[in-house]
Amino acid sequence: MELKRIIDRVYWLLDRRRTLVTLSAYGGDSVYGEKIFNLDGKIYREWVPYRSKFAAAFYKGLNGVDIKDGYKVLYLGASSGTTVSHVSDIIGVNGQVYAVEIAEEMAVNLILLAERRKNIFPIVGDARKPENYPSIPKCDFLYQDVAQRDQTDIFIKNADLFLKSGKIGAFAVKTRSINVSLDPREVIRNEVKKLRSKFDVIREINIYPYQKDHSLLILRKK
Amino acid sequence: MDNNEFIEKARKKIKDGLSVDDLIRKLIAFSDSLEKGENTIFEQLNDLYFLYYPEAADKLKERDKFIAALKESCDRKSISEKLAISIESMGFDLNDEDIQLLSLSVNELSNISDLRKVVNDRLNDIIKKKYPNLNAVLGSELSARIIYLAGSSSSLMLMPSSKIQVLGAEKAMFAARKKKATPKYGVIYNHEIMLSVPENLKGKMAKVIAAYTSLAIKTDVLSKEDKSSIIMEKMLKDVEKVKKWNLKG
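Computed from a predicted structure; not experimentally measured.

Q: Can you walk me through the overall build of chain A in this structure?
A: Helices and strands together make up the secondary structure of chain A, namely six helices and twelve strands. Here the C-alpha coordinates of chain A stretch approximately 45 × 40 × 35 Å along the principal axes. Every one of the 222 residues in chain A was classed for burial, and the buried ones make up 45%. In chain A, 59% of the contacts between residues at least 6 apart in sequence involve partners at least 24 apart.

Q: How do you make sense of the sheet that holds strand E2 (residues 10-14) of chain A when you look at a structure like this?
A: Within a sheet, adjacent strands bond to each other through the backbone by hydrogen bonds, running parallel or antiparallel. Residues and elements named next belong to chain A. Reading across from one edge, E1-E2-E3-E5-E4 is the order of the five strands in this open sheet, with antiparallel pairing throughout. At either margin of the open sheet sits one strand with a lone partner, and together these are strand E1 (2-7) and strand E4 (36-39). Between one strand and the next, the sheet's axes are offset by a mean angle of 40 degrees, whatever the strand orientation. Sheet topology note: the E1/E2 ladder contains five bridges and is antiparallel. When the sheet's bridge partners are listed, Lys4 is paired in E2 with Trp12.

Q: What am I meant to see in the nonpolar core here?
A: General note: in soluble globular proteins, nonpolar side chains tend to be found buried as a group. Judged by nonpolar contacts, the single largest core of 63 residues is most densely connected at Val73(A), Tyr75(A), Val97(A), Tyr98(A) and Ala99(A). For this core, the domains that each give at least three residues are domain 1 (2-48) and domain 2 (56-221) of chain A. With near-sequence residues (within four places) excluded, Val73(A) lies in contact with Val87(A), Ile91(A), Gly95(A), Val97(A), Tyr98(A), Cys139(A), Asp140(A), Phe141(A) and Tyr143(A). Counting 32 residues, the second largest nonpolar core, distinct from the first, contains Ile146(B), Tyr148(B), Ala169(B) and Met235(B).

Q: It is not clear to me how the domain arrangement of chain A should be interpreted in this structure. Could you clarify?
A: One widely used convention gives an interface's size as the accessible area the parts lose upon coming together. All names here are of chain A. In terms of domain boundaries, chain A breaks down into domain 1 (2-48) and domain 2 (56-221). Here the C-alpha centre of domain 2 lies 22 Å away from the C-alpha centre of domain 1. In this assembly, 16 residues from domain 1 lie in contact with 20 residues from domain 2. Looking at the side of domain 1 that touches domain 2, the elements that each hand over two or more residues are E1 and strand E3 (18-23).

Q: I would appreciate a short explanation of the interface of chain A and chain B in the present structure.
A: Residue-level contacts link 14 residues of chain A with eleven residues of chain B. Among the elements of the structure, helix H3 (104-116) and strand E8 (120-124) of chain A are those that each provide at least two residues to the side of chain A that touches chain B. Broken down by element, the residue count for the side of chain A that touches chain B peaks at six residues, all from H3(A). Grouping the amino acids of the side of chain A that touches chain B by side-chain chemistry returns ten nonpolar, one polar and three charged.

Q: Teacher, can you tell me more about unusual backbone geometry here?
A: Among all residues except glycine, the phi angle is most often negative; among peptide bonds, the trans geometry is most common. Residue and element names in this part refer to chain A. Here the residue pair Tyr208 and Pro209 is connected by a cis peptide bond, since its omega of 5 degrees sits within 30 degrees of zero. Position of Pro209 relative to the elements: it lies in the loop between strand E11 (199-206) and strand E12 (214-221). Of note in this structure, Asp40 is not a glycine but carries a positive phi near 50 degrees. Look at Asp40 and you get exposed, because 5 C-beta atoms sit within 10 Å. Despite not being glycine, Asp213 has its phi angle at roughly 55 degrees, a positive value. As for its placement among the helices and strands, Asp213 is situated in the loop between E11 and E12.

Q: Would you explain the domain arrangement of chain B in this entry?
A: All names here are of chain B. Domain annotation of chain B identifies domain 1 (19-124) and domain 2 (132-248). Its C-alpha centre places domain 1 at a distance of 34 Å from the equivalent point of domain 2. The interface of domain 1 with domain 2 comprises six residues on the first partner and seven residues on the second. Counting residues per element, the ones that place at least two in the side of domain 1 that touches domain 2 are helix H2 (20-52) and helix H6 (96-130). The element best represented in the side of domain 1 that touches domain 2 is H2, accounting for four residues. Taken together, the residues of the side of domain 1 that touches domain 2 sort by class into three nonpolar, one polar and two charged.

Q: What am I meant to see in the environment of Ile178(A) here?
A: Residue and element names in this part refer to chain A. Along the chain, the position of Ile178 falls in helix H5 (residues 175-178). Spatially, the C-alpha atoms of Ile178 and Gln148 are 6.9 Å apart, while their sequence positions differ by 30 residues. Look past the residues within four positions of Ile178 in its chain and what remains in contact with it is Arg149, Val187 and Glu191.

Q: Which parts of the structure should I look at to understand the sheet that holds strand E9 (residues 139-144) of chain A?
A: All names here are of chain A. With respect to topology, seven strands assemble into an open sheet ordered E8-E7-E6-E9-E10-E12-E11, the strand pairing being mixed. The sheet is open, and its two edges are formed by E8 and E11, each paired on a single side. Averaged over all neighbouring strand pairs, the angle between strand axes comes to 15 degrees, with direction disregarded. Examined bridge by bridge, strand E6 (residues 72-76) and strand E7 (residues 96-101) share five bridges and lie parallel to one another.

Q: Would you explain the packing of H6(B) against helix H8 (residues 140-150) of chain B in this entry?
A: When two helices pack together, their arrangement is given by the angle between their axes and by how far apart the axes lie. All names here are of chain B. Where H6 meets H8, the axes come as close as 9 Å, and the angle between the chain directions of the two elements is 80 degrees. With respect to H8, the element H6 is oriented roughly perpendicular. In contact with Leu123, Asn124, Ile127 and Lys128 of H6, H8 contributes Ser140, Ser143 and Ala144. Each residue belonging to the contact of H6 with H8 can be placed in one class, and the counts come to three nonpolar, three polar and one charged.

Calculation rules
Residues numbered from 1 in each chain as written. Chains lettered and ligands numbered in written order. Predicted model: local features only at pLDDT ≥ 70, side-chain atom pairs only at ≥ 80, totals over all residues. Helix = DSSP H or I, 4+ residues; strand = E, 2+ residues; numbered from the N terminus. Buried ≥ 20, exposed ≤ 12 C-beta atoms within 10 Å, placed from the backbone. Contact = placed C-beta atoms within 7 Å. Pairing = 2+ DSSP bridges. Axes fitted to C-alpha atoms, helices over the stretch in contact; angles between N-to-C directions. Core = buried A, V, L, I, M, F, W, Y, C linked by C-beta atoms within 7 Å. Domains from an automatic or database assignment. Nonpolar A, V, L, I, M, F, W, Y, C, P; charged D, E, K, R; others polar. Parallel < 35°, antiparallel > 145°, perpendicular 65-115°, else oblique.

So this is what it looks like as structure tokens:
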């Protein structure tokens, strides 16, 4: 088996097939049942594309994004912490990921994860109301995955308040949540139009077949 | 920087956010699963029994009857006495071990059935204590189900009664987007008043019940007083009105 670096701490594990892995920052515990690889004394965790939209974007051709060791990340729609655990791997023990989740039952798992991974800062709250968060610093990376009709507005609002300019925001758009009857491509075009005034659109990645009707937008704040 | 402060805050928020509604939701989901399991096991057991004694299995097609008849013993002799049918059977002769397995399974089924009753009794107690007005209007089982569908009592309270009327009919509601008639009722259809109402008035009756459900849950959540007698009096008056309307028309 051989490792090929994509960005710091994220690798392709090349065997008969390629597998996306992150270098674990917190030992060899499996968080959500993913496979653990042990290579040359270092522990790598498989990043499953069917469970994480961010991972799916890597499988669909994303080959670089500005997120690295020590970064502060704001993560909206953390759910039970599947993707958050990998982001926490990437930014390492010196980074901080502020994970916002509103659903209580999901947040419970997130809190339990945060007790094991000290760079995760759980926030139980509504991403629509960023003014109600506990005080958090400006962040270097924003990731949003909330399936809501007004997800674009939520993204803009949070980016305004907490994203440093020139930094990257990754935005998982669920077209079905915005408009069921419209063609998904049309929906994306409309959302991108809204985002243009404040962001440069770097890439748009449709993550089919890993998730239906989802795209990941990589945006840079102006 | 340490994340303990964030964890503490989040933990507190979770604890404050939980209420008896969550217990109701879990219990009703549990009760539903138990019933589903009960039916599946019953179907299989009845099928198995059909192999052994088809004449009896044919008469015991209802779950509760089946359990009651087979609970003590399920060999042909005692069952033929119980049901007063001939002991001569065209079924396959099972040996003692198989019969023992059968009776063990029936006992397990009976246990599950008892457990479901216990869960339902507990649900009834909670509803009666916490939502006396809603309980008066809908009865305990329907009250629990409607809170389950709404998510919580406070979100049920905030719903307009037209939404309450179609709770549980989400599928039909979505079908209505594609040029179909909107549904007239959701789970409210199972209300006992609805049984006695002629078909053409069921939609109107659902409106009345939904309106009073909305009133009752508001009383329960906001004033926390038991005004069920007043509410019921008014509601029954309206129910009579709707029924008379049919005679006129």
